[in-house]
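A structural walkthrough
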Amino acid sequence: MSSNTGSNSNSAAEVAVSVENVTKIYPGGVEALNNMTLDFPKGELTSLLGPSGCGKTTLLKIIAGLLPATSGAVKVNGKPVTGPGRERAFVFQDFALMPWATVIRNVAFGLELQGVAKSARMAIAEKQIADVGLKGFENRFPHELSGGMRQRVGLARALAVDAEVLLMDEPFSAVDEQTRRKFQEDLLGVVQNQQKTFLFVTHSIEEAVYVSQSIALLLPRPSRVSEIIRPDIRRDISPDAIRRDPVYLDTVERIWKGLRTYVE
Amino acid sequence: MRDFFRHPLTLRIISVAIVFGAWEYAGRIPISPAFPTFLQTMSALWGMLADGSMAKVYPATFQPLFIGLIISSILGVGCGIFMGLNEGAEWFGAPVFIVLQSAPLAALIPLLTFAYGIGLTSKIMTVCIMAMPVIVLNAFNAIRHTPKSLIEMGESYLGSRRQVILKIILPSASPVIYAGLRLGAAMGFIGAVLAELLITPTGIGDLITYNQSIAEYDKMYAAIFSIMVFAVIFIEILEYSEYKFFRPDKRVKQ
């Protein structure tokens, strides 16, 4: 039932994260995931796209090691996941910044928990803050920043620990539309520059098609992978051109046709 | 000029001035022969400060008050944090403190006197039973309401349980813990005076009862006023220490 029926799912070179027959039943009997199997290719951005209730955030949290699976296994680089790990970093939907800590301490917090010396982690954080475009805001507090800037802090924190896999849980859903567009453009650059694997949960079809190399389309009741789509959009054209690209528009249309019957 | 009228300090001074003005006016009507005006009370306060009668009694009040507040703060915050982190401790502890919080504690004082005599112990106990419940329950609720995503963040970035508690849960809970401490301190001041009124008249309680019995109402109100001033100052210091040590972000304008 849940198999890789995508057009060219076997073109992926190496697998960074593999999900094998994962089932998740919450206490109380709610079944969030049912025997799901899915591979995430290395060095690419894969979106988990689907209507609400399809278990995409649950799957991401299981991969992060924040939630235990009821059965099945998750492997990162071939090693089974038993909890959070150094090779994975999480970007939260609500940013999860500590309001009492400055931007630089928030960005360096992953390193602080790992016991990296203060001067070393501050240097790394400073660079990451500059890379996400927040230079000059190091000593501000989160409440002094706009929503979009806060999520840049969240992204910088994830990049600072230099994990191979970035898990992003609807990272742009809490920021306004214009900021989101800018973010999506910036994310394309980040994916290109960093040799990392990105797992990206979203409920926006346009966003998924715009930023992803491949999209895992999830459907609810029972929760399953219906299709793997690889939008063949040329990435050498400008960010604006992508949004007018026929392939982009057709892919969005095709996904919507598949999903509309599941949206009540 | 508009900024001047909107400045927090201006507003505070205006608020205080209105209360004192109303007091002065009510005293001049007069609403009761036993109700002195604000200015009479202040001159009595000045007199008591000048002749040393106030300085003489305060040590007796502050001793049980501060011992009681220190015990309640440490024990109360400790219990609250423990209950917030440990569900077993919550089931065990929460009912006790919820009952204590709503119980008429003044009615328990004779029982304390019976058990611990009329000395310092009873007075410290009075301060504690007044101050502890609100401190414990606030600390407990503060810990319980740590945003879930912050805890998940700590765990996903490989924080140990200890790191998550010290670096995330406690700073996140500190505003509400401090709110509990401030309320607890106010209750403690009430407890200390209550103990002196109901157990044995010493310290400021003695000053209040004595002046009441000889109908020196301005002095009686001056004594009550002085303990309120101390309570306010103490609570302000607590607030300052919170901003300084735990929540530097609160000092930056929202």
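Just so we're clear, the structure is a prediction, and the values are computed from it rather than from any experiment. (Residues numbered from 1 in each chain as written. Chains lettered and ligands numbered in written order. Predicted model: local features only at pLDDT ≥ 70, side-chain atom pairs only at ≥ 80, totals over all residues.)

**Focus on the packing of helix 10 (residues 203-213) of chain B against helix 11 (residues 217-245) of chain B**
Residue and element names in this part refer to chain B. To be explicit about the condition: Angles shown run from 0 to 180 degrees and are taken between the N-to-C directions of axes, each axis being a line fitted to C-alpha atoms and, for helices, limited to the stretch in contact. Helix numbering and strand numbering both begin at the N terminus, where a helix is a DSSP run of H or I of at least 4 residues and a strand a DSSP run of E of at least 2. What sets the label is the angle itself: under 35 degrees gives roughly parallel, over 145 gives roughly antiparallel, 65 to 115 gives roughly perpendicular, and the rest give oblique. Crossing handedness is defined as follows: a turn of the near helix away from the far one that is anticlockwise and smaller than a right angle gives a left-handed crossing, while the clockwise case is right-handed. Two residues qualify as being in contact provided that their C-beta atoms, derived from the backbone, are within 7 Å of each other. Ten residue types, Ala, Val, Leu, Ile, Met, Phe, Trp, Tyr, Cys and Pro, are classed as nonpolar, four, Asp, Glu, Lys and Arg, as charged, and the remainder, Gly among them, as polar.
Contact pair helix 10 / helix 11: the axes reach a minimum separation of 8 Å and the direction vectors enclose 160 degrees. For the element pair helix 10 / helix 11, the angle class is roughly antiparallel. With respect to the hand of their crossing, helix 10 and helix 11 are arranged in left-handed fashion. Of the residues in helix 11, those touching helix 10 at Ile204, Leu207, Ile208, Asn211 and Gln212 are Lys219, Met220, Ala223, Ile224 and Ile227. When its residues are assigned to classes, the contact of helix 10 with helix 11 shows seven nonpolar, two polar and one charged.

**A word on helix 4 (residues 53-85) of chain B**
Put simply, the rule reads: What a helix is expected to span follows from its residue count: subtract one and scale by 1.5 Å. Throughout, the bend at a residue refers to the angle made by two axes, fitted to the seven residues ending there and to the seven starting there.
Compared with the 48 Å implied by 1.5 Å per residue over 33 residues, the 48 Å span of helix 4 of chain B between its first and last C-alpha is a close match. At Phe62 of chain B, helix 4 of chain B shows its maximal kink, close to 30 degrees; a proline, Pro64 of chain B, follows between one and four residues later.

**Quick notes on the sheet that holds strand 5 (residues 79-80) of chain A**
Residue and element names in this part refer to chain A. Our working rule: One requirement defines pairing of two strands: DSSP has to find at least two bridges between them.
An order of 2-1-4-5 is seen for the four strands of this open sheet, with the pairing classed as antiparallel. On the outer flanks of this sheet lie strand 2 (31-41) and strand 5, each paired with one strand and no other. Examined bridge by bridge, strand 1 (residues 15-25) and strand 4 (residues 71-76) share five bridges and lie antiparallel to one another. Among the inter-strand pairings, Thr23 is bridged to a residue of strand 4, identified as Ser71. Along the sheet, helix 1 (residues 56-64) contacts strand 1, strand 2 and strand 4; its crossing angle with strand 1, the most-contacted strand, is approximately 115 degrees.

**Quick look at the sheet that holds strand 9 (residues 214-219) of chain A**
All names here are of chain A. The strand order 6-7-8-3-9-10 describes an open sheet built from six strands, whose pairing is mixed. At either end of the open sheet lies a strand with only one pairing partner, and these are strand 6 (88-91) and strand 10 (224-229). Sheet twist, expressed as the average angle between the axes of neighbouring strands with direction ignored, equals 20 degrees. Sheet topology note: the strand 9/strand 10 ladder contains five bridges and is antiparallel. Across the sheet, the residue bridging to Ala216 is Ile228, located in strand 10.

**Considering the domain arrangement of chain B**
Our working definition: Domain start and stop points were drawn from an automatic or database domain assignment.
Taken domain by domain, chain B comprises domain 1 (1-35) and domain 2 (43-251). For domain 1 of chain B versus domain 2 of chain B, the separation of C-alpha centres amounts to 28 Å.

**A word on the interface of chain B and chain A**
Accessible area lost upon the coming together of the parts is a frequently used measure of interface size. Each side of the interface is counted separately: chain B has 17 residues, and chain A has 19 residues. Elements that contribute at least two residues to the side of chain B that touches chain A include exactly helix 8 (148-156) and helix 9 (161-198) of chain B. Counting residues per element, the side of chain B that touches chain A draws most heavily on helix 8 of chain B, which supplies six residues. Across the side of chain B that touches chain A, the residue classes break down as eight nonpolar, five polar and four charged.

**Considerations on the nonpolar core**
Put simply, the test is: We call a set of buried Ala, Val, Leu, Ile, Met, Phe, Trp, Tyr and Cys residues a nonpolar core when their C-beta atoms link them within 7 Å. Counts of 20 or more other C-beta atoms within 10 Å of a residue's own C-beta define buried residues, counts of 12 or fewer define exposed ones, and intermediate counts define partly exposed ones; C-beta atoms are placed from the backbone.
By size, the foremost hydrophobic cluster in this structure holds 135 residues, and its most contacted members are Ile63, Leu167 and Leu199 of chain A. Broken down by element, this core gets its largest block of residues, 15 residues, from helix 7 (residues 120-144) of chain B. Contact partners of Leu167 of chain A, with chain neighbours within four places excluded, come to Leu60, Ile63, Ala64, Arg88, Ala89, Phe90, Val91 and Leu199 of chain A.

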